[in-house]
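Given next are the chains, with one letter for each unit.
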Amino acid sequence: MPAPLPPQIEQFIHDNPQGVLTSFRRNGMPQLSIVTVYPRDGGVGISITETRMKFKNLLRDPRCSVLVSHVDWWSGFLVFEGRRSLSTPATAILKHFVWPAVTSSAPPPGAAARTGRSTTSSRRRTSA
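Here the structure is a predicted model, which means the values were calculated and not measured.

Engineer: What is the right way to look at the overall build of the chain in this model?
Structural biologist: The secondary structure content of the chain amounts to 2 helices and 9 strands. Start at the N end of the chain and walk to the C end: the helices and strands fall as α-β-β-β-β-α-β-β-β-β-β. Long-range pairs, those at least 24 residues apart, make up 52% of the contacts in the chain between residues at least 6 apart in sequence.

Engineer: Which parts of the structure should I look at to understand the environment of Phe-24?
Structural biologist: For Phe-24, the location among the structural elements is in strand β1 (residues 18-24). Between the C-alpha atom of Phe-24 and that of Asn-57, which follows or precedes it by 33 residues, the distance is 5.8 Å. Ignoring sequence-local partners within four residues, the contact set of Phe-24 consists of Met-29, Pro-30, Asn-57, Arg-60, Asp-61 and Arg-63.

Engineer: Is there a simple way to think about the pairing of strand β5 (residues 63-69) in this case?
Structural biologist: Within a regular strand, the side chains alternate between the two sheet faces. Burial within β5 is extensive, with 5 of its 7 residues counted as buried. In this sheet, β5 lies alongside β1 in antiparallel orientation, the contact comprising 4 bridges. Residue pairing in the sheet places Leu-21 in a bridge with Val-66 of β5. As judged from the 7 bridges shared by β5 and strand β6 (residues 77-83), these two strands associate in the antiparallel manner. Bridging across to β6, Ser-65 finds its partner in Glu-81.

Engineer: Even after reading the chapter, I still don't get the side chain of Thr-22, so can you show me in this structure?
Structural biologist: Within the secondary structure layout, Thr-22 lies in strand β1. With a relative accessible area of 16%, Thr-22 lands in the buried category. Not counting the four nearest positions on each side in its chain, Thr-22 is found in contact with Pro-30, Gln-31, Leu-32, Arg-63, Cys-64 and Ser-65.

Engineer: Explain unusual backbone geometry to me, please; I cannot follow it from the model alone.
Structural biologist: Working note: non-glycine residues mostly have negative phi, and peptide bonds are mostly trans. Of note in this structure, Asp-41 is not a glycine but carries a positive phi near 50°. Within the element layout of this structure, Asp-41 appears in the loop between β3 (38-40) and β4 (43-48).

Engineer: Sorry, what's going on with helix α2 (residues 53-60) here?
Structural biologist: Since one α-helical turn is 3.6 residues long, residues separated by three or four positions face the same way. Buried within α2 are the following residues: Lys-54, Phe-55, Asn-57 and Leu-58. The buried residues of α2 occupy one face: seen down the axis, they fall within an arc of 160°.

Engineer: Just checking my understanding: could you explain the environment of Val-71 for this structure?
Structural biologist: Of note, Val-71 is situated in the loop between β5 and β6. Leaving out residues up to four positions away in the same chain, Val-71 has contacts with Asn-16 and Gln-18.

Engineer: How do you make sense of the packing of aromatic side chains when you look at a structure like this?
Structural biologist: Two measures describe an aromatic ring pair: the distance that separates the ring centres and the angle between the ring planes. The final tally for this structure, using the stated rule, is 0 aromatic pairs. The ring centre of Phe-24 lies 4.4 Å from the NZ or CZ of Arg-63, which sits over that ring.

Engineer: When you look at the pairing of β4 in this model, what are you seeing that I'm missing?
Structural biologist: Most of β4 sits out of view: 5 of its 6 residues are buried. As paired elements, β3 and β4 share 3 bridges and run antiparallel to each other. Each bridged residue has a counterpart across the sheet, and for Tyr-38 the counterpart in β4 is Gly-45. Between β3 and β4, which pair antiparallel and follow one another directly, the connecting turn spans 2 residues, one of which, Asp-41, has a positive phi of 50°.

Cut-offs and rules
Residues numbered from 1 in each chain as written. Predicted model: local features only at pLDDT ≥ 70, side-chain atom pairs only at ≥ 80, totals over all residues. Heavy atoms only, no water. Helix = DSSP H or I, 4+ residues; strand = E, 2+ residues; numbered from the N terminus. Contact = heavy atoms within 4.5 Å. Buried < 20%, exposed > 50% of the residue type's maximum accessible area, 1.4 Å probe, protein only. Pairing = 2+ DSSP bridges. Arc of directions from axis to C-beta. Phe/Tyr/Trp six-rings, centres within 6.5 Å; stacked < 30°, edge-to-face > 60°. Lys NZ or Arg CZ within 6 Å of the ring centre and 35° of its normal.

Rendered as structure tokens:
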């Protein structure tokens, strides 16, 4: 069982559910996709349909990353890097991908970022 995300990181994801997924095309070039994100199993999850190119990319090459940004793009962000893992709910037609948290940069709860940039930065590794 993966370690849970710290509460402030989980809250940041709840408050800022938009992200950018990076997967890799067959020719090795990155493909960036705008996605909706949510906290899941100590990482971040997204839901996509099997017909999307990002799904096919992730089946072929499990390496990926997701940038979760504050709504204003400058007050903080999280980066999740790793390999996707799949879970398929019995009645769902969507696939979920989960990454271990590696890098985070987000203001502490209640902090105002005066410069428009993140006020803290930290690195942590978790097992996949």
